[in-house]
Amino acid sequence: MKADIRILIVLLSALFAFSGTGFAQKKRRVEIVHCDSLDYNDRIVANAQRLMGNVHIKMDGVLMWCDSLYSYTNNNMVDAFGRVHIIRGDTLDMYADFIKYNGDTKFAKARRNVKLIDKKVTLTTDSLDYTMITDMASYNYSGTVKDSSNVLNSLIGQYYVNERKAYFRTNVDAVTKDYKIKSDTLIYFTNTQKVYIEGPTYIFNEKDTLYAEYGWYDSKKNLANLTKKPRIWNEKQNIKADSIFYDKIKGDGLAQGKARLEDIENKIIVEGNRIEYNDISKIALATDSAMLIQYSETDSLFLHADRLRTMPDTTISKKTVPVKKIPAKITTSPVVPDTLTSVAQGLEVLTKKESRTDTLTTGELPGDNISTDILDSVKLISDTLSADTLGIKPPKDARLVLAYYNVRFFREDMQGKCDSLVYWSKDSTIQMFTKPVVWSNKNQITANYIEMINRSKDPDEVIMKDDAFIISMEDDSVRFNQIKGKNMTGYVRKNELYKIDVNGNGQSNYYARDKKGIIGLNKAESSNITIHLNQGKVARIVFIKSPEGELKPMADIDEGDKMLPGFNWQQDIRPKSKEDIFRTEGTVLKNKQGQEILPLKGSTGN
């Protein structure tokens, strides 16, 4: 009762003291609800009432509690001390050790142990400024925003109550359910739990790291859309592009604009202006300037196709490709005279009739159906290969690469083209379908189907099925050595073809030499032929089964003798560089020297 009387006396004294400004006094907005004691002493604090003990006041719809408070009589301001608590509206609570509040500007300065609670969002800091006109809180000396799922820290920040938006700048750290975030600038909407990236930002967990300088991340739906210098990487792969969208729950990713996906274990890079990827199925599809790079310490293969698809290689190998060594007996043959006495010790003819088992299943892979039927079409062929017999340790996550429509590839020692291609990293094998052509140095290989096996130890193999044809250009560029047969197997050592087995309908045209040079054209036929080469030139031929042939001196050679039936030298469509793999009919590209690369005209027969 005494305290209430004292408060009344002080208020009456203040009323008389400021009777000259009665109208302004009616505008006073500080309403004292309760305090244990009240004092007014100009010698302690001028123009101020001092309220102490369980203070409770109202100011323009703001409720405030504290241990003690100064209410100033010459302005609409209060200074609150000790366990200060402000309530604004139905949802906003502010706590601090000290709050200075201006009722005219509706501006509050909160200091020490500051806590702002907005529904399920809590902002903590040591120094906070709050503008109630815009409902915006800001700090400049480190703060933390926490909701039901995420915690975000920064050196500088603002929180917009009405928009449920937090703006973080400088040394931003965040922890979500699935990721940690480090950033320079972030915007976070607490109602949607969506993070907007506006500066260099890393989003990472124990497995993956995402980087971008602009974009957004939805921590509630686990969606990310990164649009400036984005990258995603882990121990097994790297992804970068102009923009990346990623759905963690579905595993779907979309990289657009100079997109690049690197498979570190298999040493494969897939590039394109659009790459779709699924992290669950591990399937990727590249289109729009798609390119595959198989890199190594010594050389890299660059391959282009309209569509490139990579997926796990889950096939189980059952059979092997046999490498048979057939004993040869040296005899003389009245049918095919020895024309290479300077290189070999006579023509070797295998008199004992032997047949070689062909374990490969022939298959044609139509380009139009490859997108849906390719796996079924190539499994029979793939089953003939065994990683164990190739001496290759298969990668833990072996990959299968499907390239289809207008395939062209370039490596320094080998180039090729076809309509569709399959690469098996488990067996390190390439399979080419629909008019495949392979060039190496001055050699050209064609067949209806070509398979190249890259072994860990020599020899590598090139298998040609159906209408196989090998052409080797002489140094004078006007003569061509030729080998033709139903099926062929070539053996490669140190990137050089050194032996060829011809199986079925074997024919050969090659220029015989002695020490002085070319002495004639040797034309021979046999159902099976084995040809040994030295530095790309024929060194020795072994005929199996009834050889027939003749050596024509240079003067007796007619134009019709020079080419075997089906001869087709396709040098004009051969890729000249890694840039040239993108060349299409009607386009003009330039090489490093600025010279024009002729446009494709299709196959030409000479």
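Residues numbered from 1 in each chain as written. Predicted model: local features only at pLDDT ≥ 70, side-chain atom pairs only at ≥ 80, totals over all residues. Heavy atoms only, no water.

A. Up close: the overall build of the chain. In terms of helices and strands, the chain carries four helices and 43 strands. The burial tally for the chain puts 50% of its 606 residues in the buried class. At a minimum sequence separation of 6, the contacts of the chain that also span at least 24 residues come to 45%. (Helix = DSSP H or I, 4+ residues; strand = E, 2+ residues; numbered from the N terminus. Buried < 20%, exposed > 50% of the residue type's maximum accessible area, 1.4 Å probe, protein only. Contact = heavy atoms within 4.5 Å.)

B. Expanded view of the pattern of salt bridges. All told, the structure shown has 20 salt bridges when counted by the stated rule. For R408, the salt bridge goes to D580, with nearest N and O atoms at 3.5 Å. With R408 in strand 30 (residues 399-411) and D580 in the loop between helix 4 (559-562) and strand 42 (589-590), this residue pair connects regions lying 172 residues apart in the sequence. The class of R408 is buried, set by a relative accessible area of 4%. Taking the shortest distance from any N to any O, the salt bridge between R479 and D476 comes out at 2.3 Å. (Salt bridge = Lys/Arg side-chain N within 4 Å of Asp/Glu carboxyl O.)

C. View of the side chain of D218. If you trace the backbone, D218 turns up in strand 18 (residues 214-218). The side chain of D218 sits in the buried core without any salt bridge; K221 is the nearest counter-charge, 4.8 Å away. Only 3.0 Å separates the side chain of D218 from the backbone nitrogen of K220, close enough to count as a polar contact. From its side chain, D218 meets the backbone nitrogen of K221 in a polar contact 3.0 Å long. (Lys, Arg positive; Asp, Glu negative; His and termini not counted. Polar contact = N/O pair within 3.5 Å; in protein donor to acceptor, adjacent residues only side chain to side chain.)

D. Layout of the environment of V172. Tracing the backbone through its elements, the reader meets V172 in strand 13 (residues 165-175). Residues V172 and I156, spaced 16 residues apart in sequence, show a C-alpha to C-alpha distance of 8.6 Å. What V172 contacts, discounting residues up to four positions off in sequence, is N153, S154, I181, K182, S183, D184, T185 and L186.

E. Quick look at the packing of aromatic side chains. A full pass over the atoms with the stated rule returns twelve aromatic pairs. Judged by centre distance (6.1 Å) and plane angle (85 degrees), the rings of Y70 and F81 are edge-to-face. Taken together, the residues Y70 in strand 4 (residues 62-72) and F81 in strand 5 (residues 77-88) connect sequence positions eleven residues apart. Look at Y70 and you get buried, because its relative accessible area is 15%. For the ring pair Y404 and Y405, a centre distance of 5.3 Å and an interplane angle of 85 degrees mean the geometry is edge-to-face. By relative accessible area, which is 0% here, Y404 ends up buried. Among the aromatic side chains, those forming a connected cluster through ring pairs are F469, F480, F567 and W569. (Phe/Tyr/Trp six-rings, centres within 6.5 Å; stacked < 30°, edge-to-face > 60°.)

F. Region of interest: the pairing of strand 3 (residues 48-59). Summarising the sheet, strand 1 (residues 30-34) and strand 3 pair through four bridges and their orientation is antiparallel. When the sheet's bridge partners are listed, E31 is paired in strand 3 with K58. In this structure, strand 2 (residues 37-40) lies alongside strand 3, joined through four bridges in antiparallel fashion. Paired with S37 across the bridge in strand 3 is M52. Where strand 3 folds back on strand 4, the antiparallel hairpin that results is connected by two residues, among which D60 adopts a positive phi of roughly 50 degrees. (Pairing = 2+ DSSP bridges.)

G. Highlighting unusual backbone geometry. Of note in the backbone geometry, S142 takes a positive phi value of approximately 80 degrees without being a glycine. Its place among the elements puts S142 in the loop between strand 9 (136-139) and strand 10 (143-146). Not every positive phi belongs to a glycine, and N505 is a case in point at roughly 55 degrees. Structurally, the position occupied by N505 is in strand 38 (residues 496-514). On the basis of relative accessibility, which here comes to 57%, the residue N505 falls in the exposed class.

H. Just the confidence of the model for the chain, in detail. When pLDDT is averaged along the chain, the result is 79, and 78% of the positions lie at 70 or above. Of the regions scoring below 50 in pLDDT, residues 5-27 engages in 13 contacts with residues more than four places distant in sequence or in other chains. Scored below 50 in pLDDT, residues 318-392 makes 170 contacts in the model with residues more than four places away or belonging to other chains. (pLDDT = per-residue confidence, 0-100.)

I. How the structure looks around the pairing of strand 25 (residues 283-287). With four of its five residues buried, strand 25 lies for the most part within the structure. Taking the residues between adjacent antiparallel strands as the criterion, strand 24 (residues 268-278) and strand 25 are bridged by four residues, where K282 takes a positive phi near 65 degrees.

J. Focus on the environment of K177. Mapped onto the elements, K177 comes out in the loop between strand 13 and strand 14 (180-189). The exposure class assigned to K177 is exposed, which follows from its relative accessible area of 64%. Placed 42 residues apart in sequence, K177 and S219 show a C-alpha to C-alpha distance of 7.6 Å. Not counting residues within four places of it along the chain, the set of residues in contact with K177 comprises S149 and N150.

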